[in-house]
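# Structural features, examined
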Amino acid sequence: QVQLVESGGGFVQAGGSLRLSCAASGTIFSMNDMGWYRQAPGKQRELVASITSGGSTTYTDSVKGRFTISRGNAKNTVNLQMNSLKPEDTAVYYCNANLASLTYWGQGTQVTVSS
């Protein structure tokens with residue numbers, strides 16, 4: 001059973017930084033794409049950033065230049081460094097990973113940015 005476990009959310013003032021981490025367990029295979037989505041109250045879940053197994057990255061426009069996604073040194077881990085945080089970044093952040101045709105989600109971690 002594949003599980004994704006996130007860590008690193010919390011409360012920060014505008015302009016601050018947080019680092020999210022996600023580790024996948026329960027498989028001997030390497031994940032293909034891994035990424036982070038977020039969902040704010042009353043809004044749809046949206047892609048924040050993703051990274052392929054080869055290291056290619058994609059970012060939503062609103063976080064370009066502020067967030068950096070990276071694969072961790074450990075197998076099947078992904079990190080999201082979030083700098084210059086804004087109140088509009090407040091949301092539940094979900095780790096996402098794809099293996100073959102299957103998609104996995106973490107339980108979510110709350111990020112709250114105060115103005």
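Our structure's up above, just so we're on the same page.
What comes next is a walk through the structure. (Residues numbered from 1 in each chain as written. Predicted model: local features only at pLDDT ≥ 70, side-chain atom pairs only at ≥ 80, totals over all residues. Heavy atoms only, no water.)

Here four strands make up an open sheet; going across it, the order is β1-β3-β8-β7 and the pairing antiparallel. Each edge of the open sheet carries a strand with a single partner, namely β1 (3–7) and β7 (67–71). Strand-to-strand twist in this sheet, taken as the mean axis angle between neighbours without regard to direction, amounts to 15 degrees. Summarising the sheet, β1 and strand β3 (residues 18–25) pair through five bridges and their orientation is antiparallel. The partner of L4 across the bridge, within β3, is A24. (Pairing = 2+ DSSP bridges. Helix = DSSP H or I, 4+ residues; strand = E, 2+ residues; numbered from the N terminus. Axes fitted to C-alpha atoms, helices over the stretch in contact; angles between N-to-C directions.)

What follows is about unusual backbone geometry. Residue S84 is not a glycine yet carries a positive backbone phi of 50 degrees. Within the secondary structure, S84 is located in the loop between β8 (77–82) and β9 (91–99). With relative accessibility at 42%, the residue S84 sits in the partly exposed group. (Buried < 20%, exposed > 50% of the residue type's maximum accessible area, 1.4 Å probe, protein only.)

This part covers the pairing of β7. The sheet contact formed by β7 and β8 spans five bridges and is antiparallel. Directly across from T68, in β8, lies its bridge partner Q81.

On to the pattern of salt bridges, then. Applying the stated criterion across every chain yields a total of four salt bridges. For R38, the salt bridge is made with D89, and the minimal N-O distance between the two is 3.0 Å. In this pair, R38 sits in strand β4 (residues 34–39) while D89 sits in the loop between β8 and β9, placing the two residues 51 residues apart along the sequence. With a relative accessible area of 6%, R38 lands in the buried category. Its relative accessible area of 1% is what places D89 among the buried residues. One salt-bridge network, held together by shared partners, links R38, E46, R66 and D89. (Salt bridge = Lys/Arg side-chain N within 4 Å of Asp/Glu carboxyl O.)

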